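Examination of the molecular architecture
Here's the letter readout for the chains.
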Amino acid sequence: LFELLIRYAPAFLQGAGVTAFIAVVVWVVGIVAGVAVGAAASRSAPILLAVLKFLALAVGAIPILVLLMWLHYPAQAILGVVIDPLLTTIVALCFVNTVFVADAVQRVIGNFPQEWGMAARASGLPAQVTLHKIVLPLAARQLVGPIVLIQITMLHATLFGSLISVGELFRTVQRINAIEYLPVELYTFLAVFFFIICAPLHVVATALSRRYASDLSLR
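Reading the values: rules and limits
Residues numbered from 1 in each chain as written. Predicted model: local features only at pLDDT ≥ 70, side-chain atom pairs only at ≥ 80, totals over all residues. Heavy atoms only, no water. Helix = DSSP H or I, 4+ residues; strand = E, 2+ residues; numbered from the N terminus. Buried < 20%, exposed > 50% of the residue type's maximum accessible area, 1.4 Å probe, protein only. Contact = heavy atoms within 4.5 Å. Areas by Shrake-Rupley, 256 points an atom, 1.4 Å probe, with all protein chains shown as cover. pLDDT = per-residue confidence, 0-100. Axes fitted to C-alpha atoms, helices over the stretch in contact; angles between N-to-C directions. Parallel < 35°, antiparallel > 145°, perpendicular 65-115°, else oblique. Left-handed = near helix turned anticlockwise from the far one by under 90°. Nonpolar A, V, L, I, M, F, W, Y, C, P; charged D, E, K, R; others polar. Salt bridge = Lys/Arg side-chain N within 4 Å of Asp/Glu carboxyl O. Core = buried A, V, L, I, M, F, W, Y, C linked by side-chain atoms within 4.5 Å.

**Some thoughts on the overall build of the protein chain**
Each helix and strand counted, the protein chain has ten helices and zero strands in total. Taken from N to C terminus, the helices and strands of the protein chain fall in the order α-α-α-α-α-α-α-α-α-α. In the protein chain, which comprises 219 residues, the proportion classed as buried is 37%. Sequence-distant contacts in the protein chain: of pairs separated by 6 or more residues, those separated by 24 or more amount to 80%. Put simply, the protein chain shows about 12,100 Å² of open surface, and 73% of that area lies on carbon and sulfur atoms.

Below, the structure written as structure tokens:
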């Protein structure tokens, strides 16, 4: 296996680089946009809240792979355009990540103890200040764990890009396996690679979720 890794080191590094690039873009866009949309939907935008709930239902019901394939084939055929598969993958995963994060943010803020908001208003704090200085900082504690778990799912979903010819790590392993035919070694390497990255994140996310899972009103 080590000889194989050394021989194909440039290909592995390139594939890992593409995977990392997709993941980082999807993480940044999804978290920033998701927090903004979730906060806006939970504040005073019933239409936006209804749209978010519908999108969360749709994204939860439709597999990411199906969405990706639809954007890559029928959507482009209907529009008469040809888009780089890498861009298609990033757009699809950014959309899914944004919806998942926004839904998580909206749910946590929506469950925020009403008495805390009433106390803030009684103290004369504007709604905007209450949201940014009280609600969001406290909600962030409960959101860290779930959002990290969502990002792990998004990292896993980068593998779907291989099905539309994105040269990420999984497709790189497939190409090398087609040459060497060493599926046990190559796919074991892939499994270990993702385990090393995702296992610590999963442990941290689970610990944070358990620590801050209690109702905020009890703290």
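From this point, the narrative continues.
**Notes on the confidence of the model for the protein chain**
Averaged over every residue, the pLDDT of the protein chain is 88; the share at 70 or more is 88%. Looking over the protein chain, one finds the lowest element-wise mean pLDDT in helix H7 (residues 114-122), namely 65, and the highest in helix H4 (residues 64-72), namely 96.

**Observations regarding the packing of helix H3 (residues 46-61) against helix H6 (residues 85-110)**
Packed helices, taken two at a time, are described by the angle between their axes plus the distance between the axes. Two elements in contact, H3 and H6, have axes whose closest approach is 9 Å; the angle formed by their N-to-C orientations is 125°. Accordingly, the angle class assigned to the pair H3 and H6 is oblique. Viewed along their axes, H3 and H6 form a crossing whose handedness is left-handed. Mapping the contact onto sequence places Leu49, Leu52, Lys53, Leu55, Ala56, Val59 and Gly60 in H3 and Phe95, Val96, Val99, Phe100, Ala102, Asp103 and Gln106 in H6. Of the residues contributing to the contact of H3 with H6, the split by class is ten nonpolar, two polar and two charged.

**Notes on the pattern of salt bridges**
Applying the stated criterion across every chain, the model contains three salt bridges. Close ionic contact of Arg7 with Glu180 constitutes a salt bridge, the shortest N to O distance being 2.8 Å. Highlighted residues: Arg7 in helix H1 (residues 2-7) and Glu180 in helix H9 (residues 169-180), separated in sequence by 173 residues. Judged by relative accessible area, Arg7 falls into the partly exposed class, the value being 43%. Taking relative accessible area as the criterion, Glu180 reaches 25% and is therefore assigned partly exposed. We note a salt bridge from Arg107 to Asp103, for which the minimum N-O separation is 2.9 Å. With Arg107 and Asp103 both in helix H6, this residue pair falls four residues apart, about one helical turn.

**As for the side chain of Thr158**
By the secondary structure assignment, Thr158 is in the loop between helix H8 (127-157) and H9. Apart from residues lying up to four places away in sequence, Thr158 is in contact with Thr19, Ile22, Ala23, Leu93 and Glu168.

**Observations concerning unusual backbone geometry**
Residues other than glycine seldom take positive phi values, yet Ser165 does so here, at roughly 75°. With respect to the helices, strands and loops of the structure, Ser165 is situated in the loop between H8 and H9. What makes Ser165 partly exposed here is its relative accessible area of 48%. Positive phi, normally seen in glycine, also occurs at Tyr181, with a value near 50°. The residue Tyr181 is located in the loop between H9 and helix H10 (183-211) in this model. Note on Tyr181: relative accessible area 63%, which makes it exposed.

**Remarks on the nonpolar core**
Counting residues in hydrophobic clusters, the biggest one holds 17 residues, and the most contacted among them are Ile22, Val26, Ile64, Leu93, Val96, Met154 and Val166. The set of elements that each furnish at least two residues to this core consists of helix H2 (9-44), H3, H4, H6 and H8. It is H6 that contributes the most residues to this core, six residues altogether. Every residue in contact with Met154, bar those within four places of it in the chain, is listed here: Val26, Trp27, Ile64, Leu93, Val96, Asn97 and Phe100. Listed in part, the 16 residues of the second largest apolar core include Phe12, Phe170, Leu186 and Phe194.

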